[in-house]
Amino acid sequence: MGMFLNTGQTGQNNLTAVTEFFLLGFQVNQSLRVSLSCLLFVVYCVTICGNLLIITLVSTSKTLHTPMYFFISQLSISDILVITDIVPNMLYILLNNGGTITFIDCITQFYFLCCSETFECFLLTVMSYDRYVAICNPLHYSTIMTSGHCVIFIVICFLLAFSMILIFMVPTAQLNFCGLNIIDHLLCDIVPLLELSCSDTFIVHLGIYLLSIPVILIPTLIIVVSYIHIISAVLRIPSSTGRQKAFSTCSSHLIVVSIFFWTIFSVYVIPTKGQSSTISKVLSLLYTVFTPLINPIIYSLRNKDIIKSLLEVADKRVIW
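Residues numbered from 1 in each chain as written. Predicted model: local features only at pLDDT ≥ 70, side-chain atom pairs only at ≥ 80, totals over all residues. Heavy atoms only, no water.

**Some details on the state of the cysteines**
Defined as follows: Whenever a pair of cysteine sulfur atoms sits within 2.5 Å, that pair is classed as a disulfide. Numbered from the N terminus, helices here are DSSP runs of H or I no shorter than four residues, and strands are runs of E no shorter than two. Burial here depends on accessible area, computed with a 1.4 Å probe over protein chains only, as a share of the maximum for the residue type. Under 20% is buried, over 50% is exposed, and the range in between is partly exposed.
Taken as a whole and assessed by the stated rule, the structure comprises two disulfides. Bridging C106 to C188, the disulfide has an S-S length of 2.0 Å. Torsion about the S-S bond of the C106 and C188 cystine: about -125°, corresponding to left-handed handedness. Of this pair, C106 sits in helix α3 (residues 103–136) while C188 sits in the loop between β3 (182–183) and α7 (190–196); the two residues are 82 residues apart in sequence, bridging distant segments of the chain. Here the two residues C106 and C188 agree in accessibility, since each one is buried. With a sulfur-sulfur separation of 2.1 Å, C178 is cross-linked through a disulfide to C198. Of this pair, C178 sits in the loop between α6 (166–173) and β3 while C198 sits in the loop between α7 and α8 (202–235), and the two are 20 residues apart along the sequence. Its relative accessible area of 9% is what places C178 among the buried residues. With cysteine numbering restricted to those in disulfides and following the sequence, the chain has the pairing 1-3, 2-4. In this structure C121 is not part of a disulfide, and its nearest cysteine sulfur, from C157, lies 9.5 Å away. Classification of C121 as buried rests on a relative accessible area of 3%.

**Examining the sheet that holds strand β2 (residues 99–102)**
Adjacent strands of a sheet pair through backbone hydrogen bonds, lying either parallel or antiparallel. Put simply, the rule is: A pair of strands is treated as paired once DSSP finds two or more bridges between them. Contacts were defined at the residue level, with two residues in contact if any of their heavy atoms lie within 4.5 Å. Helix axes are fitted to C-alpha atoms over the stretch in contact, other axes to C-alpha atoms as well, and angles between N-to-C directions run from 0 to 180 degrees.
Within the open sheet, the three strands sit side by side as β2-β1-β3. Their pairing is mixed. The open sheet terminates on both sides in strands that have one partner only, identified here as β2 and β3. Looking at chain direction, strand β1 (residues 20–23) and β3 are connected through two bridges and run parallel. Paired with F22 across the two strands is I182, which belongs to β3. Running at roughly 85° to β2, α3 makes contact with β1 and β2 of the sheet.

The structure is reproduced here in structure tokens:
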């Protein structure tokens, strides 16, 4: 576990340039690391299977061929990308009590994590708009949320996510690292990377702050405004049964949105000064591992249509 890497000199500073990092993971006894690794592996398998099940059901069941379920299947794809980007390397780090990762691999891991999370942020915003149109403008829902429009929404979210992240990812990739190469974390994240850099990180910080407006603040505002209109419209429904039915179509999405934004704000928005490295690692686990696990559970257990489609598939299997 070398703290310095002899990969070249930085010239004037006469310091050794860093091209690899050593991720510490959790510095605990071996039995606890093995137990945590087993738990993480089980969570990973359940998450992949749960999200693949939703994708399969939405694509094969005709009753689920609606905009809402199409967006749910895209959310499942995003969750699979997030957890696959993080967990395999995390398992290696835990089992080996730390592990090295090259600078290129570190930047690549962080880039795809940011892209997936940003895509999910935009997707949840589109899903809130979908619920807004369904409840507040039901007569025009079929003409506004056509299959073509839904695909366009997803493509725009995808392109925006993968291009906007480059605003701060490109200057981050150009940073110089020298001296210590130890990252006290489970994954490559922007905060520990900037702390290790011996370059001026002003441009990177500026890019992050500017990007937080279209990626976090504006989507949050759109979601809040959408749900203000939704709640207002639902409360005007005369029958309690109608109100309950309208709220039930939004409750799962609202829970997912709350969990997602709470974890993102906890990790990146709330000041981390005085926060222990263990708390930082646990919070990172929440949005990279827990959220992808809980999303399919929320949508499957709280959704009668998905449960019905699952039972129909199960019945066909039994018959065959």
